[in-house]
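Close look at the chain arrangement
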Amino acid sequence: MDALSLRYGGPTISGLLEGADAPPLDTLLASDVPALSLAIFATELAVLDLARELAGVTPGLVIGHSFGEFAALTAAGALDLADGVRLVIARDRALRAASDTEGGMVALRVGRQRADAVVGSLADRGLAVAAHNGYDQVVVSGPHESLDRLTALAGLLGIEATRLRVPYPFHNRLLGEANRLFEADVAGVRVRAPRVPMYSPVLGRHVDTEQDGREILTSHLEREVGFLSALVSVRGDGFTHFLECGARAALTDLVNANLPGVRTAAPLRQRRTFDELRGVFAAFSSTEAGADAVPAASSWTAAPPVVSAGSSASPAAIPGTDVPSVEQARPTAPQVEQAVAPAAPARTTEPVPVEPPPSGAGDVTGLVDELRTLYASAVGYPEEVFEADIELEADLGIDSIRQTELLQRARQKYDLPEADIRITDYTTLESIAGLLTELGAGRVRA
């Protein structure tokens with residue numbers, strides 16, 4: 001890694017990774033962000049290589065969070081190692097060369113809908129939602145003064161706000177000039193279609209082509225990271241095992257806080273000896289194969305693990321990663337950085353028994369409970385996630401197509417007629433229960 005870095009005018013990092021007297025995070029953030037960025041990138045790839053060599057772990061899918069997408073692209077074979085190193089160095093050079101990049105990031109412990117309302121109320125064009133990391137975690141970026149106002153307002157509203165230790169306002173139009181400078185470097189490298197399946201939280205979809213990879217690289221400084229949606233999508237495809245390849249365990253904590261029924265591992269949650277790392281990988285690999293050591297092993301899908309990249313420090317994040325530590329987060333939603341997933345579970349086509357239709361407003365509360373069970377079973381989330389007024393798409397990542405499908409299931413369950421409605425008018429279980437009640441009473445035009 002040092003040799004490649006020197007070839008492209010970058011720093012050496014072996015001392016940071018191997019030296020017992022390596023400088024702390026705060027020192028690197030203040031004096032050597034390029035070295036820190038390259039060390040993060042190298043660590044993520046090294047952990048994956050060790051998992052392969054020591055325990056035969058083979059990723060079924062990789063996901064990168066923010067700057068972690070560089071490591072994910074490299075791990076997936078879309079970039080070779082030399083070009084990956086070259087782009088990490090070029091990215092830091094572009095950020096230093098651009099003007100008006102002063103700013104930072106704040107993590108809000110709140111849902112997406114309320115975060116949008118709070119940010120919007122400030123009417124500050126410099127502020128932007130940078131990352132949606134969980135059901136109760138949204139990261140906002142912007143100029144320091146704007147973030148000060150946001151933090152003050154959050155305090156008045158009783159919203160927990162955490163300032164992240166990052167050198168720039170990532171995922172914000174403020175980095176447009178840096179993004180344009182970096183585009184010239186991206187044009188000079190070869191990008192391939194991934195050989196390992198990859199999902200991009202920046203694109204909000206799977207990465208299938210060379211152009212997809214280039215789009216990530218040339219837009220990631222300005223575009224939002226939809227990490228929660230990525231986790232929901234990957235978990236919905238059936239992936240249940242997640243291996244974090246960065247330092248510490250911020251992403252693993254997010255997965256555990258938001259995704260039900262998953263197995264996770266964070267090898268670098270703490271300092272470990274080589275033999276201890278071997279043990280962590282071996283334990284993770286054995287659970288992947290359904291070993292007896294895993295409680296309720298039969299409930300786990302035996303499939304390659306999801307590998308996450310994008311390490312971050314706790315409680316604040318390191319450059320390019322917008323993942324503060326998670327404490328007391330609502331237990332339900334997917335979030336991943338590099339992951340391997342099994343095949344999606346088969347869908348049943350057996351007929352659904354018809355139940356008596358709801359007929360009045362008094363039935364709404366009970367109907368919400370029944371819908372909660374129906375929707376949770378169909379989507380694979382715990383029932384407690386489906387609060388009566390939670391937004392199905394904004395908060396749970398269930399898009400309008402899936403909502404239409406679920407509404408049809410509910411309508412068929414109660415043998416109700418088709419309705420001439422717009423699905424976007426019924427975005428919570430409470431509103432859907434009201435609609436079904438109206439249909440049962442014949443008050444909605446069929």
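Our structure's up above, just so we're on the same page.
Residues numbered from 1 in each chain as written. Predicted model: local features only at pLDDT ≥ 70, side-chain atom pairs only at ≥ 80, totals over all residues. Heavy atoms only, no water.

**A word on the overall build of the protein chain**
The number of helices and strands found in the protein chain is 16 helices and 11 strands. Here the protein chain holds 446 residues, and the buried ones make up 54% of them. Within the protein chain, contacts between residues separated by at least 24 positions form 75% of all contacts whose residues are at least 6 apart in sequence. Total accessible area computed for the protein chain in this model is approximately 18,500 Å², and 50% of it derives from carbon and sulfur atoms. (Helix = DSSP H or I, 4+ residues; strand = E, 2+ residues; numbered from the N terminus. Buried < 20%, exposed > 50% of the residue type's maximum accessible area, 1.4 Å probe, protein only. Contact = heavy atoms within 4.5 Å. Areas by Shrake-Rupley, 256 points an atom, 1.4 Å probe, with all protein chains shown as cover.)

**Considering the pattern of salt bridges**
One pass over the full model with this rule turns up 14 salt bridges. Here Arg 112 ties to Asp 116 by a salt bridge, and the two come within 3.0 Å at their closest N and O atoms. One end of the pair is Arg 112 and the other is Asp 116, both in helix H7 (residues 112–121) and four residues apart, which spans about a single turn. Counted as one network, the salt bridges with shared partners bring together Arg 205, Asp 212, Glu 215 and Arg 223. (Salt bridge = Lys/Arg side-chain N within 4 Å of Asp/Glu carboxyl O.)

**A short note on the pairing of strand S3 (residues 128–134)**
Of all seven residues in S3, seven are buried, a share of seventy percent or more. Sheet topology places S3 next to strand S4 (residues 137–142); five bridges connect them, and they run antiparallel. Bridging from a neighbouring strand, His 132 pairs with Val 138 of S4. Hairpin remark: S3 followed by S4, antiparallel, with two residues in the connecting loop. (Pairing = 2+ DSSP bridges.)

**What to know about the environment of Leu 36**
Tracing the chain through its elements places Leu 36 in helix H4 (residues 33–55). Its relative accessible area of 7% is what places Leu 36 among the buried residues.

**Describing helix H11 (residues 227–236)**
The α-helix winds at 3.6 residues per turn, so residues separated by three or four positions along the chain end up facing the same way. Among all positions in H11, only Phe 227, Leu 228, Ala 230, Leu 231, Val 232 and Val 234 are buried. A positive phi of about 110 degrees marks Gly 238, the residue just after H11.

**A few points about the packing of aromatic side chains**
Summed over the entire model, instances satisfying the criterion amount to four aromatic pairs. Arranged with centres 5.3 Å apart and planes meeting at 45 degrees, the rings of Phe 67 and Phe 70 form a pair that is tilted. Accessibility assignment for this pair places Phe 67 and Phe 70 in one class, buried. An aromatic cluster is present here, built from Phe 67, Phe 70 and Phe 182 joined pairwise through their rings. (Phe/Tyr/Trp six-rings, centres within 6.5 Å; stacked < 30°, edge-to-face > 60°.)

**Structural notes on the packing of helix H15 (residues 400–413) against helix H16 (residues 429–440)**
Two elements in contact, H15 and H16, have axes whose closest approach is 11 Å; the angle formed by their N-to-C orientations is 40 degrees. As the angle between them shows, H15 and H16 are arranged oblique. Remark: the crossing between H15 and H16 carries right-handed chirality. Packed against H15, whose contacting residues are Leu 407, Ala 410 and Arg 411, the element H16 presents Ile 432, Leu 435 and Leu 436 at the interface. Broken down by class, the residue content of the contact of H15 with H16 amounts to five nonpolar, no polar and one charged. (Axes fitted to C-alpha atoms, helices over the stretch in contact; angles between N-to-C directions. Parallel < 35°, antiparallel > 145°, perpendicular 65-115°, else oblique. Left-handed = near helix turned anticlockwise from the far one by under 90°. Nonpolar A, V, L, I, M, F, W, Y, C, P; charged D, E, K, R; others polar.)

**Re the sheet that holds strand S2 (residues 104–108)**
Pairing within the open sheet is antiparallel, and its four strands lie in the order S3-S4-S2-S5. Among the strands making up the open sheet, the edge pair consists of S3 and strand S5 (161–164). Going from strand to strand, the sheet's axes swing by 25 degrees on average, the running direction of each strand aside. For S2 and S5, the ladder comprises four bridges, and the chain directions are antiparallel. Within S5, the position partnered with Met 105 by the bridge is Leu 164.

**Section: the environment of Thr 58**
Tracing the backbone shows Thr 58 in the loop between H4 and strand S1 (61–64). You can call Thr 58 partly exposed: its relative accessible area is 48%. For the pair Thr 58 and Ser 285, spaced 227 residues apart in sequence, the C-alpha to C-alpha distance is 9.3 Å.

Purely spatial values, then, with no claim about function.
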